[in-house]
Structure formats: structure tokens, C-alpha cells
Number of protein chains: 2
Amino acid sequence: MIKKAKITIKDVANAAGVSTQTVSRVLNNRPDVAPETRETVQSVIRELGYAPNIIARSLSSGRTNTIGVVGFGLEYYGPAKVLTGIEKKAAEYGYSVMLALLDKYDQEHIEKVLTQFIAQQVIGIIWAIPGFTDSMELVAQITDALEIPMALLNRPPVKKKLVLSVDNREGARLAVRHLQEQGYQHIGIITGPMSWWEAQERLAGWRETVGKSSNLHKLVFEGDWTVESGDCGFEALFNANPNLDAIFVSNDQMSLGVIQAANRNGLKIPENLGIVGFDNVPESKFYFPALTTVHQPARHLGGLAVIRLDQCIRHEYSEDCINDGENMVVPDLIVRRSSVREES
Amino acid sequence: MIKKAKITIKDVANAAGVSTQTVSRVLNNRPDVAPETRETVQSVIRELGYAPNIIARSLSSGRTNTIGVVGFGLEYYGPAKVLTGIEKKAAEYGYSVMLALLDKYDQEHIEKVLTQFIAQQVIGIIWAIPGFTDSMELVAQITDALEIPMALLNRPPVKKKLVLSVDNREGARLAVRHLQEQGYQHIGIITGPMSWWEAQERLAGWRETVGKSSNLHKLVFEGDWTVESGDCGFEALFNANPNLDAIFVSNDQMSLGVIQAANRNGLKIPENLGIVGFDNVPESKFYFPALTTVHQPARHLGGLAVIRLDQCIRHEYSEDCINDGENMVVPDLIVRRSSVREES
DNA sequence: CTGTTAGCGCATTCAC
DNA sequence: GTGAATGCGCTAACAG
């Protein structure tokens, strides 16, 4: 495969009979070019099939238009949707997206990814990794030193940092209030792993809403997001609370486990047991019964991260005026069969 | 936020009392540097926290280490896993990954993405988009003109092109043969949209295996990958074939629809109806009953794409010696409850 | 409005 | 082994 020598701005300039500078102006849509000159240059560009070398442009101008995205657990629905939202909005804003996936979450791997992005001269970074409370310090420490605009997703607010999150606590409140309105009285919770900030927030929202009781802890089971753990959670909660009549389950996969465990035990949903999940994965609509669940606007969150990051990059948004409220996206409740008792 | 002036190779050279070339040599692990000099330079690099500017390196050397990945439908399990496989292997091989997502599949959008990648000087491209037969021509035409190593995923073999696929046909054969071995006699199929090559291949594998019959077409229902269409497919197939006793369903989501339709109609799985799905999504293990399904090694496919692309880039693998067999990854059957009748 | 000069940070020649 | 010159393709700052 013989490569045609790449055509450069110089070739275009020669062919058009102008200087490279003029071509550069046309490429960058500068106003100070005579309309005819512009036309001529543009037609030459088209004829030659010229495409500017972004690498050279970046080196010369001292800035890239690449944002680095650090992702995690793409095989899950939420993270994949966040990434989709990021990419779409980035493309719209003219940014390229460089992707790095993290699976180990220690200093070595974090530094490696960040070093790579810095070497690539990314103009901003989106840290699309769930907040694990056990490594919060580590991330803060490393990113503090960074002098690149950075958006952190789904973790507790940090002073002077751009953090964007789904309002998990409010989502949990919505779920529990709905169950209460449906007449359920003893509402348990299956949480995610407590090392996840999101899991903690959902638990907090539940706790706020169910009210006080001396035996609240008996209503809590810590799962690990898997279907299996939902199944276990069902068994454990019922053993501890024979009069349990509803469960707020912190994600949809675990809800599936609960549904199946309930079926196995001859419990009717929603008559004997009300269930609300979290995520609104596409399948949840087709669980049996259809699952009431909290919809996370994950895609919107990703898009918003790009918008804010862009504002930071253009110095139109500073850490000093960060207001948590505007960087919280609010989930909403999708009511389906699993939590609605028939009128009798 | 005051930016420290970026430190360059020059700063390192000055601080170490050597020339920039020597630093460059150390950076690139060239052999022709005195051990002591190397040590000195390395310690200076560490002290200053210097990180090489990859942009400058790329311009100077005339090659990047960036591969462009064009993706589609990340919110689905398969594509997300493929992307994960690509990223992991790319990182291992020292490539950066630039990601672009396509949702519209017309000439304009395709060209836009490709133009962007070329401008970014990517050294190779992975086209991780399902083969839609209605736009096969378009892609071929556009990529033919491209003089960049390129891997195409999950589409029909093209002469002189690097194409990597899951062996969908073999996957379907495995599924149908298994059903036959379990004693099922009348095996229908719910396909994906026939505009997808993967759907066609699964259909072909089914057809090869079920044997001849004059009324084969009555055993086929075209779905659209959604749970809903699985439900519809169940109804349609049973109306057309009262003696149907098994269905090969072309993905797991549709299988869920079938399972629920069967439950609703009082049909027992696997006693009255055997089901085999395709994909092996994590939930399929917890469907009720647990779903027998064809596991796609999607992650492996992504990794293999990087390996082959790397070989092409290094000219160790040429289009002339492409052998389809070695670029087909073979799925395997995960046998669970939904297709295994108890011995009586 | 347009051209000239300079330099981005690094790697690739070649000298020494 | 090491250093000096040169240029990658482009844009910024000036001059005209």
C-alpha cells in the first residue's frame, strides 16, 4: 500500500497562489479574508481533498480540542449511558474524546491514566468513575495537583471542584414516598455496596423517609448490585421482618432477584409485597410484574458534564461560583405494576 | 488558576547539563546512552515532574499512537463489551483510544467521523459497528479509499479487508443442535432485524440445522431485539404452529419476552417449550427459568481486533494473507434450565 | 486584506 | 556516546 504523500497547507497555498497564512485563515474561518480569495482557497481544498493536520495545529496553537474521559464498568447500563451522553455532547461542541477505562482503582493505575492524558495535552478531563468512599482521598489528592479543568461524576461535593451527580437521595425519597402512598407500612431496603457513595445516598434517602424506629437496621440488607444479592436480600429481610410488605431495591438487577425470590416463596407482587427499583433499565418494563423504578437521567448527566467542562475551559465558569444545585440532575419515578395494589 | 509554564525537554536538558537529544534518547529507551548519563537524566525528569508532549512527538516523528474507534449502541451489552475489550488491549499495546459514536448511519455522518479521525492522524481505525446490509456498499466505498489500517467488526468478509466477527452461524447451530438433542422436534426461531448481518447469520445457522420442511417460513418470526418483540414472536409462532415445542431466540432480551409470554399462556418451560437465547447477558442466568444461551466472546473480539490492527500497522499482517478462520471468534453454549427437560 | 518571519516540542539526520 | 542543525505542519505576531 503506497501512501500518497500527505498534502499540506503548503500544497494548498501553492495551488491557490496564496500564502499558507491565508489558507490558515480560511481554515479557521477568520473574517479578514477577501470573499473571492476564500472561495478560491476552498475550492482548491476540495479538489486536493486536503484535511488539516490537527496534531500540527495543536502544537502550534498550544491547545488541543481533546477531552479525556476516564470510565468504569461500561458493561453496566448506567456508565454506558453516561459515556454516550458525553460523546454526543462533546461532538456537538467540537471536542474529540479520548477514552481510558479503569478497572483497578489504586494510585498506580490512576496516575498512569492521568499521566497519559496530560502527555496527550488534553484540554479537560471527565472522571466518570463512581465515587468509592474508600478511595476518595486518593482521587482528591491526585486531582488537586492537576491544573486541568476536570469534572467529577457521581461523588460527594468537593469544595472548589466541579462535581456533577444524580440526586440519588431524592430518588430514594421518591421511591419510598410512593410506597407509603400506596399504603405499604413496613418498607425495607436492599442497598448497593456501602463503599459506593451512590449506595450510601440511596440508603440515606430511604432512612429520611421511612421515619424513626428502633429496629431500622433490621430493615437494611447490603447487596452488591447483582441479581443474586437481591435474592439473598429478600430471604434475609423476610427472616428478620415477618411483617415486611415492601422493599426499595437500590438497582433493577437486584430487583429482578427479589421478584424471583418472591415468586418462589409464593408471595404476590404487588399484593403482598411492593417493590421499587432504581435505574430503569430497558428490561425492567418487562419484568413480571413490570417494575416501578427510579429513572436516572444518565445520558443527560454526561452531556451536562461536557457543558460545564466547556465553560471551565472557556473560563466562563469558575470553581468559586459552583452551586451544587445546578449540577445535580434529578431522577424521576416510573410507576409500573410492582408497587400498585389494585383498589379493592 | 495560574499555570506553571510547562516544562519541556529543553528544561530537562539544561537541568541535567546535557543536550535535548540525549534526553530524547533516554525518553525513548535508546541503547546509545551512557548508564550514568541515563540515570542523571531520569532523576532530573522525576524531580521536575516532566512528561513528554505527545503532540510534539507525533508531529516530529510523523506518527501517532492513537487508534480511532467508531462505536454504536453502547447501551447494549455486546457493543459495550467489545469496546471494553478494545480499550484494554489498546492500553496494553500502548495505544490511545479516540472514541466516536455513530447513531445516524448515512454518508454524511460516516464521512464526518472518518474525516475527523484522519485529521487527528490516527494510525488505525476500528469500525465497531454492526453490519447493516443496507449500508454495506456505502461503508465499503468509503473505507476503500482510506489508506489507514482498518478493522471491521461483525460483518460479512470482504476481500482484502480485515474483518473480525463472532461466528454467529455456528452459535445458532450449537443452539439448535442442543435443542434437538434434548428431544425437541419443532423448533422455531425469532430473529433480529433482517437488515443486520448478525441476524441473517443466526437465521442461516438455524435453517442449516433444523433440516428441510415445506413450511419452514412459518417457523420464522422477525423481531427487533426488544423484549416486546419476543413476546409478539411467541404469540405469532404459536398461532402458526400449534405443535411448536422449542424456540431459538436470537438474543436474550427477546428471550425474556418469550418466557413471560409463555408463563402468561400457562406453558411450562422447559417441559412444554424449550428456549435458547443468544448473548449471555448477566441477567439471563436469573431469568425464570434460567436461560440456556449462546455466549458471545465480545470482549475477546475487541481485543483481537486490536492485535490484528497492530500487526497491520507494523506490517506484520497483510490483507493478502487474511484467513477468515483465524478472525472468527467462536461462541459457546451455556446450558441452563430453559432447555433441559427432566428425565422422566 | 495579505504575506513574512518565527517558533510550538520533539525526533531525525548527521557530525564530532 | 553525545551534540548541533533541521524540519514536522501549522498558527501567532507582526508588517505592509
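Residues numbered from 1 in each chain as written. Chains lettered and ligands numbered in written order. Predicted model: local features only at pLDDT ≥ 70, side-chain atom pairs only at ≥ 80, totals over all residues. Heavy atoms only, no water.

## As for the protein's contact with DNA strand C
Among the 24 residues in the neighbourhood of DNA strand C, the closest are listed as Arg25(A), Thr37(A), Ile9(B), Tyr50(B) and Arg57(B). Protein-adjacent atoms of DNA strand C, using a 4 Å cutoff, are sugar or phosphate at a proportion of 62%. Between DNA strand C and the protein, one listed contact pairs a base nitrogen with a side-chain N or O atom of Ser60(A) at 3.2 Å. Put simply, the parts of the chain that give the surface near DNA strand C at least two residues each are α2 (20–27) and α4 (54–61) of chain A together with α2 (20–27) and α4 (54–61) of chain B. No other element matches α4(B), which puts four residues into the surface near DNA strand C. (Near = heavy atom within 4 Å. Polar contact = N/O pair within 3.5 Å; in protein donor to acceptor, adjacent residues only side chain to side chain. Helix = DSSP H or I, 4+ residues; strand = E, 2+ residues; numbered from the N terminus.)

## Comments concerning the pattern of salt bridges
Applying the stated criterion to the full structure yields 26 salt bridges over all chains. Put simply, Lys88(A) and Asp103(B) hold a salt bridge, and the shortest N to O gap is 3.6 Å. With Lys88(A) in helix α5 (residues 77–92) and Asp103(B) in the loop between β2 (96–101) and α6 (107–119), this pair bridges two chains. Note on Lys88(A): relative accessible area 24%, which makes it partly exposed. Owing to a relative accessible area of 47%, Asp103(B) belongs among the partly exposed residues under this scheme. Notably, a salt bridge pairs Glu201(A) with Arg169(A), separated by 3.0 Å at the nearest N-O pair. Placement of the pair is Glu201(A) in helix α9 (residues 197–210) and Arg169(A) in helix α8 (residues 168–181), with a sequence separation of 32 residues. Judged by relative accessible area, Glu201(A) falls into the buried class, the value being 13%. (Salt bridge = Lys/Arg side-chain N within 4 Å of Asp/Glu carboxyl O. Buried < 20%, exposed > 50% of the residue type's maximum accessible area, 1.4 Å probe, protein only.)

## Quick look at the packing of aromatic side chains
Summed over the entire model, instances satisfying the criterion amount to 14 aromatic pairs over all chains. Pairing Phe72(B) with Trp196(B) gives two aromatic rings, centres 6.4 Å apart and planes at 70°, and the pair type is edge-to-face. Of this pair, Phe72(B) sits in the loop between β1 (66–71) and α5 (77–93) while Trp196(B) is found in the loop between β6 (187–191) and α9 (197–210), placing the two residues 124 residues apart along the sequence. Take Trp196(B): its relative accessible area is 17%, and that puts it in the buried class. Ring pairing ties together the aromatic residues Phe72(A), Tyr105(A), Phe132(A), Trp196(A) and Trp225(A), which thus form one cluster. Directly above the aromatic system of Phe278(A) lies the positively charged group of Arg202(A), at a separation of 3.8 Å from the ring centroid. The aromatic ring of Tyr184(B) is capped on one face by Arg341(B), whose charged end is 4.0 Å from the ring centroid. (Phe/Tyr/Trp six-rings, centres within 6.5 Å; stacked < 30°, edge-to-face > 60°. Lys NZ or Arg CZ within 6 Å of the ring centre and 35° of its normal.)

## Considering the sheet that holds strand β2 (residues 96–101) of chain A
One open sheet accounts for twelve strands, arranged β11(A)-β5(A)-β4(A)-β3(A)-β1(A)-β2(A)-β2(B)-β1(B)-β3(B)-β4(B)-β5(B)-β11(B); its pairing is mixed. With one partner strand each, in any of the chains shown, β11 (328–329) of chain A together with β11 (328–329) of chain B form the two edges of the open sheet. Across four bridges, strand β1 (residues 66–71) of chain A lies against strand β3 (residues 124–127) of chain A in parallel orientation. In the strand pairing of β3(A), Ile67(A) is matched with Gly124(A). Most of the contacts of helix α12 (residues 298–313) of chain B go to strand β5 (residues 162–166) of chain B, to which it runs at about 165°, and overall it touches β1, β3 (124–127), β4 (150–153), β5 and β11 of chain B. (Pairing = 2+ DSSP bridges. Contact = heavy atoms within 4.5 Å. Axes fitted to C-alpha atoms, helices over the stretch in contact; angles between N-to-C directions.)

## Some points on the protein's contact with DNA strand D
Within the structure, DNA strand D sits among 23 residues, and Ile9(A), Gln21(A), Tyr50(A), Arg25(B) and Thr37(B) are positioned closest to it. If you look at DNA strand D and keep only atoms within 4 Å of the protein, 57% of those are sugar or phosphate atoms. Note that a phosphate oxygen of DNA strand D is positioned 2.7 Å from one of the side-chain N or O atoms of Ser24(A). The separation between a base nitrogen of DNA strand D and a polar side-chain atom of Gln21(B) is 3.4 Å.

## Thoughts on the interface of chain B and chain A
Contacts between the two partners involve 48 residues from chain B, matched on the other side by 48 residues from chain A. Regarding the contact of chain B and chain A, the summed buried area is about 4800 Å², with carbon and sulfur atoms giving 60% of it. By the criterion of area lost to chain A, the three top residues of chain B are Ile55(B), Glu147(B) and Phe286(B), representing 15% of everything that side buries. Linking chain B with chain A are two salt bridges, by the criterion used here. Here chain B and chain A share 16 residue pairs in polar contact (both at pLDDT 80 or more) between them. Here the residues of the side of chain B that touches chain A sort into 23 nonpolar, twelve polar and 13 charged. Two elements, β2(A) and β2(B), share three bridges in a ladder whose sense is antiparallel. Opposite Val97(A), over in β2(B), you have Leu99(B) as the bridge partner. (Buried area = accessible area lost by both parts, 1.4 Å probe. Nonpolar A, V, L, I, M, F, W, Y, C, P; charged D, E, K, R; others polar.)

## Topic: the relation of the copies chain B and chain A
When chain B is brought onto chain A, the operation consists of a screw motion whose angular component is 180° and whose axial shift is 0.0 Å, with 0.1 Å RMSD remaining. Such a combination of turn and shift is consistent with a two-fold rotation axis. For chain B, the smallest separation between a C-alpha atom and the rotation axis is recorded for Met98(B), amounting to 2.2 Å. A share of 100% of interface residues in chain B that are also interface residues in chain A marks the association as one of identical surfaces. (Least-squares fit on C-alpha atoms with pLDDT ≥ 70 in both.)

## Description of the domain arrangement of chain A
All names here are of chain A. Its domain assignment divides chain A into domain 1 (65–166 + 298–330) and domain 2 (168–296 + 333–339). On a C-alpha basis, the centres of domain 1 and domain 2 stand 30 Å from each other. Residue-level contacts link 17 residues of domain 1 with 15 residues of domain 2. Between domain 1 and domain 2 lies a buried interface of about 1200 Å² when both sides are counted; carbon and sulfur atoms form 62% of it. Contact with domain 2 buries area across many residues of domain 1, yet Tyr 77, Thr 133 and Val 166 alone supply 39% of it, more than any other trio. For the interface between domain 1 and domain 2, the tally reads zero salt bridges. Along the contact surface separating domain 1 from domain 2 lie three residue pairs in polar contact (both at pLDDT 80 or more). The set of elements that each furnish at least two residues to the side of domain 1 that touches domain 2 consists of α5 and β5 (162–166). Within the side of domain 1 that touches domain 2, the residues separate by chemical class into ten nonpolar, four polar and three charged. (Domains from an automatic or database assignment.)

## Structural notes on the sheet that holds strand β12 (residues 332–334) of chain B
Residues and elements named next belong to chain B. An order of β7-β6-β8-β9-β10-β12 is seen for the six strands of this open sheet, with the pairing classed as mixed. Each edge of the sheet is formed by a strand with only one pairing partner; in this case those strands are β7 (220–222) and β12. Each neighbouring strand pair of the sheet contributes to a mean axis angle of 20°, computed without reference to strand direction. In this structure, β6 lies alongside β7, joined through three bridges in parallel fashion.

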